[in-house]
Structures are given as structure tokens and as C-alpha cells.
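Breakdown of the fold
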Amino acid sequence: SFCRTTQSLYTKKANWRRILASSSSSSTNDITETIIRKSFHDMQVIQEYYGTEKSIFVPQLLSKKADVSSYLKSNEINAVLFDCDGVLYRGSDVIPNASKSLSNLMKQGIKVFQLCDKLSKLLHLDNLTVDQMVTSSYSAAKYLQRELLPFLSVQRKPRIHIIGTSGLCEEIRNAGFDVDTTNDAKCGMSREELAEHSFPQVETDAIVVGLDNDFNYRKLCIANVLLQQNPSALLVATNEDAYDLVGGDARHLPGNGALVKALEYCSQRKAVCVGKPSPLLAELIRDDHNLEASKCLFVGDRLDTDIRFGQESEMKSALVLTGCTTVDKVVQMSQINVGRGTKEEPLPTIIMPHMGLL
């Protein structure tokens, strides 16, 4: 019965929790091998589940390299787009065979793109160009150009306040904007300090929130007041990821979504997200690289951003089991909407253990 099968699945998962706990302080090689072993274990659990459940819609479950290759050929896939963290690497640990797989795809004439928050040198691929790396900074800059430049006076550059990295600031500045950021040595902000703080006299046209490892209460206070003083300013999020995974035991590292939600809550404003699953991002990639959506495969580890992005952009979608989506989540979503999941968390076209099978 389904109950007995589910109980068996949870027993297997409990064994893996013990293995993962023991690997949390292991070397990089041990961690990546543990990630891969667990991905095949999770794939087996999903295959056993679908063997007992008769859903109308079942993602193709591909656990062999030959099967993945056959899928690409039969669907005439000519471009593969990858999420990065949780797919190509996890934290600072590269998924085994990631670099080799990317090189093999390019040798076959398949276009390869990485959608990432920042450029990474973890993969050590000399033939992977900057044009193939689509950052959230790039999509934010393009969105601001489209929304602000046609409507503002040529006498001044639009002013953008940024929470984020120096890379995000540079991308926005190079797109034709004046950039303002909070670089105070202080982290906190008292009531008296905020009341006396000197804000710029010029208009702020947008506040952009990107991942900032040095985010603090002071930055939150300043951005919040800027939105209060500039009610027509755009509030833009480079992405809304809840968390990333680090370490062999998959510890949750808060993502940019946590920063965005904090500012949304205190400002009572809703941010425009220009990262996945934004249709704007898909539009930019298609137009810039002349892609046909039906012949593209998007590979990701999250249902709510990656798989949703692929499906709403009319691409094929592949879920890998090296990142955030758990077996529990796949099983839960398979029981909704005749096995298709929800609009917010759809199930993919295919599921495979890890991207090294490509």
C-alpha cells in the first residue's frame, strides 16, 4: 500500500540523515561525493514512489547518461540553461563532472548558459564566455533601462540606491545610472540616529535589492526611508530565493528573498523581481541569444523559481536532486492537480539525479 511504501521511504531517508550529519566537516571531495550518492538515493526513492502511484502526469525519470542524451536528441534541444548553486555547484563544492558535461554539450553544438547571481570561477572552463553567464545584475540593469531611461530628462542620470555587491553596483553604473549605497561602518540604527540622518536632496528613482552578505539593520532603515521619501521609486529584487545549501549536511544559508521580504514588510511595498521566474528574464535571454523556447532545456534545483521559470517560459525543464527540492516536496506536489503540482511549484518535464549526466 501507499502508506507502507511511504514508511519505507522515510526509513531510507533517516539513514541518509545520519550519513549527512557525519559528512558536515569532511573534505570537499567527500562532500561532493556524498551529494552525488544522495542524489542517486533520492532518485531511487522517487522511482519507487511513482512505481506505486498512478499519476496522470509523471515527469520522465532519467538516471542514466544514455537516457539523458537520448532525451536531448529526441526533443531537438539546442540550448541548455543552468541555474548555478545547487546545480553546477553547492556553495564552494563543485558537482562532479559539471565542467566536463558543459564542455561536452558545447562540443555537440548545444548552446550553454548559466543563470547566476554572480560570475563564478569554480568550474575552471576557459571556453565559457562572459556572454554565456546571465547574471541577475544584468537583468536588473536591463529592467531599469527599460523602465526609467525613456521617461527621464536627459539633464540628469537616474539615481539608484543599491543593497548588494560591488558587482551589482558596477553593472547598474555601467548601464547609465548614478549609484548610491550605504557604506557606513556602523551596523545598527537608533531612533535618534535615524531622525538626524542626512538623506540625499536629489530624487531616488529606484531601490535595488541584491544578495548582500553584510546586510544589516542600518541598511534596512535607510532603504525604507528612501522609499518613504520617494513614493514613485521602483523597488526591484534581483531574485527572491529563500535559501541556498552549504556543506555536506545541506545547511540552509538565507538567500536574497529574506532581505527583500524584510524591506517589503517595513515599507509596505511589493518588489518587482527581475530574476527567476520573471518573464522579463526569459524575454531578455531569448532576444539577446536568438533562442527558440521549445528547443531549450532549463536545469534547476527549485520548483518555485527554476522549474516555474522554465515552464512559464515554454521551455523544457529538468529538476536535479543536488539542491533545495527534497523527495518530500516531489511526492507532495505529485499528489496535486493530477500530478502536475501547483502554479507556484510545478513539477518538471524530467527529473535526474545530477547535471553530470548531461
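Computed from a predicted structure; not experimentally measured. (Residues numbered from 1 in each chain as written. Predicted model: local features only at pLDDT ≥ 70, side-chain atom pairs only at ≥ 80, totals over all residues. Heavy atoms only, no water.)

1. Concerning the confidence of the model for the chain
Fine structural detail should not be taken from predicted coordinates in areas where pLDDT scores are low. For clarity, the threshold we go by: Every residue gets a pLDDT, meaning the predictor's confidence in that residue, from 0 to 100. Contact criterion: two residues are considered in contact whenever any of their non-hydrogen atoms come within 4.5 Å of each other.
In this model, the chain carries an average pLDDT of 87, and 88% of its residues clear a pLDDT of 70 or more. Across residues 19-25, where pLDDT falls below 50, the model places twelve contacts with residues more than four positions away in sequence or in other chains.

2. Points about the nonpolar core
Let me state the cut-off plainly: We define a nonpolar core as any set of buried Ala, Val, Leu, Ile, Met, Phe, Trp, Tyr and Cys residues linked to one another through side-chain atoms lying within 4.5 Å. Working definition: with a 1.4 Å probe on protein chains only, accessible area under 20% of the residue-type maximum means buried, over 50% means exposed, and in between means partly exposed. Under the scheme used here, helices are H or I runs from DSSP no shorter than 4 residues and strands are E runs no shorter than 2 residues, and both carry numbers assigned from the N terminus.
Within the largest apolar cluster, 35 residues are counted, with the highest numbers of intra-cluster contacts made by Phe-82, Leu-297, Val-299, Met-355 and Leu-358. Within the residue set of this core, elements represented by two or more residues are helix H2 (28-52), helix H3 (65-74), strand E2 (79-83), helix H4 (98-107), strand E5 (111-116), strand E14 (296-300), strand E15 (316-320) and strand E16 (350-352). Looking at this core element by element, the count peaks at four residues for H4. If we ignore the near neighbours within four places in the chain, the residues touching Met-355 are Phe-82, Val-87, Leu-88, Ala-98, Ser-101, Leu-102 and Val-320.

3. So, helix H6 (residues 166-174)
The cut-off we apply is this: Directions are taken from the helix axis to each C-beta atom, and the arc is the one they span.
Here H6 has its buried residues at Leu-168, Cys-169 and Ile-172. Take H6 and look down its axis: the buried residues cluster within an arc of 100°, on one side only. Facing away from the buried side of H6 by more than 90 degrees, the exposed set consists of Ser-166 and Asn-174. Just beyond H6, the residue with positive phi is Gly-176, at close to 110°.

4. A closer look at the sheet that holds strand E9 (residues 206-209)
Rule in force here: At least two bridges found by DSSP between two strands is the condition for calling them paired. To obtain an axis, a line is fitted to C-alpha atoms, over the contacting stretch when the element is a helix, and the angle between two such axes runs from 0 to 180 degrees between their N-to-C directions.
Taken in spatial order, the five strands make up an open sheet running E8-E7-E9-E10-E13, and their pairing is parallel. Edge strands, defined here as strands with exactly one partner in the open sheet, are strand E8 (178-181) and strand E13 (272-273). Where strand E10 (residues 234-237) and E13 come together, two bridges link them in parallel fashion. When the sheet's bridge partners are listed, Val-236 is paired in E13 with Val-272. Across the face of the sheet, helix H8 (residues 217-229) comes into contact with strand E7 (159-163), E8, E9 and E10 while running at roughly 150° to E7. Contacting E7, E9 and E10, helix H9 (residues 256-267) crosses the sheet at an angle of about 145° to E9.

5. What to know about the pattern of salt bridges
To keep things clear, this is the line we draw: Salt bridge, as used here, is a side-chain nitrogen of Lys or Arg placed within 4 Å of a carboxyl oxygen of Asp or Glu.
What the rule picks out here adds up to 18 salt bridges. Taking the shortest distance from any N to any O, the salt bridge between Arg-159 and Asp-180 comes out at 3.6 Å. Here Asp-180 lies in strand E8 and Arg-159 lies in strand E7, a separation of 21 residues in the sequence. The shortest N-O distance in the salt bridge between Glu-193 and Arg-218 comes to 3.6 Å. Of the two residues, Glu-193 sits in helix H7 (residues 191-196) while Arg-218 sits in helix H8, which places them 25 residues apart along the sequence. Given the relative accessible area of 25%, Glu-193 is considered partly exposed. The structure contains a network of salt bridges with shared partners spanning Asp-184, Lys-186, Glu-193 and Arg-218.

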